[in-house]
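Coordinates in review
Given next are the chains, with one letter for each unit.
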Amino acid sequence: MYTLPLSDPELPPGVSELVRRYTGLGGEGGLGHNTSLRSQVHYQELESRLVQLVGSKTLHWRHQEMAVGMLLSMITYDHTPSLPTTSLWLSLLLSDQRTIRLMAYQALEGILKLSKLPSVKVPITDMVPECYNVQVNKPGMRQDNLFMQYQGNMEQAEVETYWKKPFIVKSYMGYFGWPGKEEKVTVRKIHPVEHFTIQPDSVRGLISEFFMDETRVKQFVEFNSLEHEKGADFFSTDRGLFLSFLLENIGPGLAAVFQPHIEKLVGSPEESQQRAAAEMVYGLVRGSRFWDWRSSGQLWGWLLPVFQQVLNNVTAETQSDWDFCFSGASNKADPNRLRALYELLITPENLVSQGAFKESSYLLFVAKCLSMNWRVRELYCRTYNILREHWA
């Protein structure tokens, strides 16, 4: 079992009746009425005892890994870990054992999901008033979904107004059609800054306090940028998603904490440090999807020079890491909210006259950002026109 169950199992409707009909036995005392786990194993007490054991640092390293693995299996959708448990997982991010650090990433990713900031959602009719009445004859671009396309000619004031409107990050929505009334679909809006107010005695408060500590963050980044095995270290989606959930739930205040570390790492020729930078940038871009206009502007103010430095210094060894970063950062995002990145990438200066390797790297990054995205027709056309003149 990957996780230990906490709540009682629920039988699908009709199963008990089928058992009674064909066997003559009732469902009393069966699986549907099994409360032994909660009443006899004492789930909460087990968690508390494991936290004490791991925190005591008296276990043999193999036993410590086993105890941490058990704690990881106790993170379930219907049980939010206690403050001592969360504090322990945060401390394990700085463990000397790589296996334990990897488990801590997975655990804290789950804890952030369980304690996440409530999304700001509105009915889809606030975005597409006539969606229930639109007759869709074919998939693809139509008059009813043109407003979702990337619009490169918007002025700054128009972009700021656009930022306050509801938006969709799911790529399929609107392409084949619109959901019906019975589906009750909602769309997202940005989080106002006041939503990121942190209560000190909460799970989010503990996590925020940990990452606001410069000494801990420095150690955290150093562990992330260590080389484990030459040629066998790859971009970690677990680390990237953890940082994404972290920024999404704690807020813009954390961006400044990671800024000096990212700027330092992207200037390094070391492959492991470039990989760590790619993971952090991936987390920042994905984690900022629901930030307000001002906070996003401040983030991109220093991220753009970082991306330009990446494009200038990309090598054969670091190309695959940044490939994952560009691909993941642009996935499940409103393209108009990534305009700073697109406008940097898709220019004649970057796409042509840079030498064979750099041009191929830029084209790879552009392809990853635009691939399978029907909402960026303008950028496809712009890229084609730039390259067509170059080929001629």
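Anyway, here's the lowdown on the structure attached to this text. (Residues numbered from 1 in each chain as written. Predicted model: local features only at pLDDT ≥ 70, side-chain atom pairs only at ≥ 80, totals over all residues. Heavy atoms only, no water.)

**Focus: the overall build of the protein chain**
Along the protein chain, the regular secondary structure elements total 18 helices and two strands. Considering only C-alpha atoms, the protein chain reaches an extent of 75 × 55 × 40 Å along its principal axes. Here the protein chain holds 392 residues, and the buried ones make up 46% of them. A sequence separation of at least 24 residues applies to 76% of the contacts in the protein chain between residues at least 6 apart. Carbon and sulfur atoms make up 54% of the accessible area of the protein chain, which amounts to about 20500 Å² in all. Measuring between centres, the 39 positive side-chain charges of the protein chain sit 4 Å from its 43 negative side-chain charges. (Helix = DSSP H or I, 4+ residues; strand = E, 2+ residues; numbered from the N terminus. Buried < 20%, exposed > 50% of the residue type's maximum accessible area, 1.4 Å probe, protein only. Contact = heavy atoms within 4.5 Å. Areas by Shrake-Rupley, 256 points an atom, 1.4 Å probe, with all protein chains shown as cover. Lys, Arg positive; Asp, Glu negative; His and termini not counted. Charge placed at Lys NZ, Arg CZ, Asp CG, Glu CD.)

**Section: the side chain of Ser95**
Relative to the helices and strands, Ser95 resides in the loop between helix 5 (83-92) and helix 6 (98-114). In terms of polar contacts, Ser95 uses its side chain to reach the backbone amide nitrogen of Gln97, at 3.1 Å. If we skip the residues at most four places from it in the chain, Ser95 touches Ile100, Arg101 and Phe223. (Polar contact = N/O pair within 3.5 Å; in protein donor to acceptor, adjacent residues only side chain to side chain.)

**Let's talk about the pattern of salt bridges**
For the coordinates displayed, the defined rule picks out 10 salt bridges. A salt bridge links Arg216 to Asp213; the nearest nitrogen and oxygen atoms lie 3.9 Å apart. Of the residues examined, Arg216 reaches a relative accessible area of 34% and is grouped as partly exposed. Residue classification places Asp213 among the partly exposed positions, given a relative accessible area of 27%. Among the salt bridges present, the one from Lys368 reaches Asp323, with a minimum N-O distance of 4.0 Å. (Salt bridge = Lys/Arg side-chain N within 4 Å of Asp/Glu carboxyl O.)

**Observations concerning the packing of aromatic side chains**
Tallied over the entire structure, the rule returns 19 aromatic pairs. Between Phe167 and Phe290 the ring centres are 5.8 Å apart and the planes differ by 25 degrees, which places this aromatic pair in the stacked class. In this pair, Phe167 sits in the loop between helix 7 (156-163) and strand 2 (186-188) while Phe290 sits in the loop between helix 12 (271-287) and helix 13 (293-313), placing the two residues 123 residues apart along the sequence. A residue is classified by how much of its surface remains accessible, and Phe290, at 2% relative accessible area, is buried. Ring geometry for Phe235 against Tyr282: centres 5.5 Å apart, planes inclined by 80 degrees, an arrangement best described as edge-to-face. Placement of Phe235 in the loop between helix 9 (214-224) and helix 10 (237-250) and of Tyr282 in helix 12 is noted, with a sequence separation of 47 residues between them. Like Tyr282, Phe235 is buried. Among the aromatic residues, ring-to-ring pairing joins Tyr105, Phe210, Phe211, Phe220, Phe242 and Phe258 into one connected group. Above the face of the Trp163 ring, Arg337 is positioned so that its terminal group lies 5.1 Å from the ring centre. (Phe/Tyr/Trp six-rings, centres within 6.5 Å; stacked < 30°, edge-to-face > 60°. Lys NZ or Arg CZ within 6 Å of the ring centre and 35° of its normal.)

**Things to note about the nonpolar core**
Grouped together as the largest cluster of nonpolar side chains are 89 residues, with contacts concentrated most on Trp89, Leu93, Phe211, Phe220, Leu246, Phe258 and Trp322. If near-sequence neighbours (up to four positions away) are discounted, Trp322 is found in contact with Val266, Gln274, Ala277, Ala278, Val281, Val310 and Phe365. (Core = buried A, V, L, I, M, F, W, Y, C linked by side-chain atoms within 4.5 Å.)

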